[in-house]
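Remarks on the overall topology
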Amino acid sequence: MLLVHPVTEVVKFIPVLIGSIILGTSSGNPAWSIVPLALIVGFALTRWFTTTYRVGPTHVELRTGLLQRRELSVPRSRIRSVDIESDLLHRALGLSVVVIGTGQQADSGEKFKLDSLDARVVPALRAELLAHTARPAPTTPAVGVSDDTAAQEHSAAREIGHWRPQWVRYAPLSLTGFAVMAPIVGAAFQYGLGQRLFESDAAHDIGEGTAVAIALVVLGLFAAIVLVVSLAACTRYLTTYFGLRVLHNGRTLHVRHGLFTTRQITLDLARFRGATVNEPLLLRLSGAAELEAIMVGENPRQKILPQAPRAAVERTLGELLDGGAKPDRTPPSAEPGAAAVGLPLPSGPATPELHDAAASPSATGAPVAPALSTGDASRRTSAGEPLAQMSARLTRHGPAARRRRYFRALSPVVLLTFAVLAFALEGPVPPWWWLLPGIAAIIAIALAEDRYRGLGHAVLPRTATSPAWLITRSGSLDRDRDCLEAPGVIGWTVRQSFWQRRAGLATVIAATAAGKKRYLVIDIPIAQAWALIESVTPGALGSR
């Protein structure tokens, strides 16, 4: 720690040091270059002398600061996760950073961090901090820990997910790189890059050429951007998720990954409330997805598996749901065949299907899904059959919801058409201008139809061994399939906008303390909204 903090602070204040060097060189007094460096190193050294921590029987305490003394205290019963990070400097010195998560820091951005601990004592410290889970957390080898010791520590855990190098081909398909690149390119054009390009001699030569030359230049620029973004995405994927392993011991979930900076995350499964399968458009077309855990007090999008084949995601999800089932939070047993919003699970294809709610109405006007326990779901997965939470047929939301998808998608096309028409009335316009509304209309129609096909919900009814599950899906370019267990729902909101009231639709919001906090069933017919709430949490509506 005595070396880590000075190096870290010097790197952080590199712009200040560069400015001091320039000032010292221009003034002829080299001391100006040394004084800021001495102040930064001295300030960093004080952190080593003024930082202490203590793990007591009921609290973990951290004291730090010289001029402004600060003391943090966390009840051990509130600890929900323990993260261990080690960058290249920490690994070279045999040190680690322990970050304790309690849920409150997840919302405020504040972290309870123990920096530069001896890596040899970290596994024992993590097990001690998570002792309240009734079983020691699985430990992972750190610097200075022998392989035999690590093997003994892992004996109680089983692997439910493992990273493979060939998965890197999915990295460019998440569209994250393009989302990062777009504002950078926009800022460059805003600060005059576009004007310089258009006024250059090369641009004038292209402008005097044929349309084919212009099209080739545009395609070349687009290909260059795609190549740069893809290489950046693959590099980030490799450095972040290299060697990823997901271990499960029935009480805690342990995730380890990283090439240069290794990170180990230990999560208390008592806080587990479900999972989200993220399927952006390109990932979906290539048969891949991402897996995120819905945890109380943790990152709203706690990633378990990065971009990976859908089969690997389903396998890990099945193991997680099976091992994550907690008898102490399971509601009382229900009669098989209880009414729920959804339809019978398919016995054949593994691809999720949707069909209309009116196809098989129950007594309450909602479709009926046969009971299937979480354990059964996992056994079906291990036998090569589809996982219930992934294969359950989703109830479509009807023609009114479809019309809203088309209206929203085609409204910009109508505005674009009027804009082209306005320019045409002012004077002649190039013929290809009229192609823009037509191309935009084709894209909008395809997007609207895909958004409607991806819109749906289902409920897996509770059984004697598992709670009920709410499954909701929405989106096209970025599609999420959320699987939320009923005991995690703490409230409901039925919301109707002006246009939803006219269409007879509503958005049902399931409130929970976990994950994104709000899980939406979008544009569901209002007649089905109340049946949905009653199916997930019987009696929540009271007498209406």
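Data block above holds the structure.
**Thoughts on the sheet that holds strand E5 (residues 95-101)**
Ordered by their spatial adjacency, seven strands build an open sheet running E6-E5-E4-E10-E9-E8-E7, and the pairing between neighbours is antiparallel. Because the sheet does not close on itself, it has two edges, and the strands there are strand E6 (112-118) and strand E7 (158-162). Strand-to-strand twist across the sheet, computed as the mean angle between neighbouring axes with direction ignored, equals 20°. Direction of pairing for strand E9 (residues 252-257) relative to strand E10 (residues 262-268): antiparallel, over a ladder of six bridges. Bridge assignment links His257 to a residue of E10, and that residue is Arg263.

**As for the nonpolar core**
Counting 42 residues, the largest nonpolar core has Trp167, Val246, Leu253, Leu291, Ile304 and Leu317 as its most contacted members. If we skip the residues at most four places from it in the chain, Val246 touches Arg158, Glu159, Ile160, Gly161, Leu253, His254, Val255, Ile304 and Leu305. By size, the runner-up hydrophobic cluster in this structure holds 18 residues, among which are Val296, Ala468, Val508 and Ile524.

**Section: the pattern of salt bridges**
Applying the stated criterion across every chain, the model contains 23 salt bridges. A salt bridge links Arg158 to Glu319; its shortest N-O distance comes to 3.2 Å. Of this pair, Arg158 sits in strand E7 while Glu319 sits in helix H13 (residues 310-324), placing them 161 residues apart in sequence. A relative accessible area of 21% means that Glu319 is categorised as partly exposed. For Arg284, the salt bridge goes to Asp450, with nearest N and O atoms at 2.9 Å. One end of the pair, Arg284, is in helix H12 (residues 281-285); the other, Asp450, is in helix H17 (residues 435-453), and 166 residues separate them in sequence. By sharing partners, the salt bridges in this structure join Glu292, Arg301, Asp480, Asp482 and Lys516 into a single network.

**Some details on helix H6 (residues 122-129)**
Counted residue by residue, H6 has six buried out of eight residues, so it is predominantly covered. For H6, the set of buried residues is Val122, Pro123, Leu125, Arg126, Ala127 and Leu129.

**Considerations on unusual backbone geometry**
Positive phi, close to 60°, is recorded for Ser116, a residue that is not glycine. Mapped onto the secondary structure, Ser116 falls in strand E6. For Ser116, a relative accessible area of 9% gives the class buried. Even without a glycine there, the phi angle at Lys517 is positive, about 75°. Counting through the fold element by element, Lys517 comes out in the loop between strand E20 (505-512) and strand E21 (518-525). A residue is classified by how much of its surface remains accessible, and Lys517, at 28% relative accessible area, is partly exposed.

**Points about the pairing of strand E11 (residues 272-280)**
Taken residue by residue, a regular strand's side chains alternate between the two faces of the sheet. Most of E11 sits out of view: nine of its nine residues are buried. In this structure, E11 lies alongside strand E12 (residues 288-295), joined through six bridges in antiparallel fashion. Considered in E12, the bridge of Thr276 is made with Glu292. Judged from the seven bridges that link them, E11 and strand E18 (residues 478-485) form a sheet pairing that is antiparallel. The partner of Thr276 across the bridge, within E18, is Asp482.

**A closer look at the environment of His162**
Within the fold, His162 resides in strand E7. Those residues in contact with His162, other than ones at most four positions away along the chain, are Trp167, Leu244 and Arg245. Only 3.4 Å separates the side chain of His162 from the side chain of Glu159, close enough to count as a polar contact.

**Points about the sheet that holds E21**
Taken together, the three strands give an open sheet; going across it, the order is E19-E20-E21, and neighbouring strands pair in antiparallel fashion. Of all the strands in the sheet, the pair left with one neighbour each is strand E19 (489-495) and E21. Strand-to-strand twist across the sheet, computed as the mean angle between neighbouring axes with direction ignored, equals 20°. The pairing of E19 with E20 spans six bridges and is antiparallel. Along E20, the bridge assignment pairs Trp492 with Ala510. Packed onto the sheet, helix H16 (residues 398-426) meets E20 and E21 and runs at close to 110° relative to E21. Seen against the sheet, helix H19 (residues 526-536) touches E19, E20 and E21 and runs at an angle of roughly 140° to E21.

**Looking at the packing of aromatic side chains**
For any pair of aromatic rings, geometry is given as the distance between the ring centres together with the angle between the planes. One pass over the full model with this rule turns up six aromatic pairs. Centre to centre, the rings of Trp163 and Tyr237 are 6.4 Å apart; their planes meet at 40°, and the pair counts as tilted. Here Tyr237 lies in helix H11 (residues 211-241) and Trp163 lies in the loop between E7 and helix H8 (176-190), a separation of 74 residues in the sequence. A single burial state applies to Trp163 and to Tyr237, both of which are buried. Relative to Trp433, the ring of Trp432 lies with its centre 6.2 Å away and its plane at 65°, an arrangement referred to as edge-to-face. Given a relative accessible area of 52%, Trp432 falls into the exposed group. Trp433 gets classed as partly exposed once you look at its relative accessible area, which sits at 25%. Grouped by ring-pair contacts, the aromatic residues Trp163, Tyr237, Tyr241 and Phe242 constitute a single cluster.

Conventions used here
- Residues numbered from 1 in each chain as written.
- Predicted model: local features only at pLDDT ≥ 70, side-chain atom pairs only at ≥ 80, totals over all residues.
- Heavy atoms only, no water.
- Pairing = 2+ DSSP bridges.
- Helix = DSSP H or I, 4+ residues; strand = E, 2+ residues; numbered from the N terminus.
- Axes fitted to C-alpha atoms, helices over the stretch in contact; angles between N-to-C directions.
- Core = buried A, V, L, I, M, F, W, Y, C linked by side-chain atoms within 4.5 Å.
- Buried < 20%, exposed > 50% of the residue type's maximum accessible area, 1.4 Å probe, protein only.
- Contact = heavy atoms within 4.5 Å.
- Salt bridge = Lys/Arg side-chain N within 4 Å of Asp/Glu carboxyl O.
- Polar contact = N/O pair within 3.5 Å; in protein donor to acceptor, adjacent residues only side chain to side chain.
- Phe/Tyr/Trp six-rings, centres within 6.5 Å; stacked < 30°, edge-to-face > 60°.

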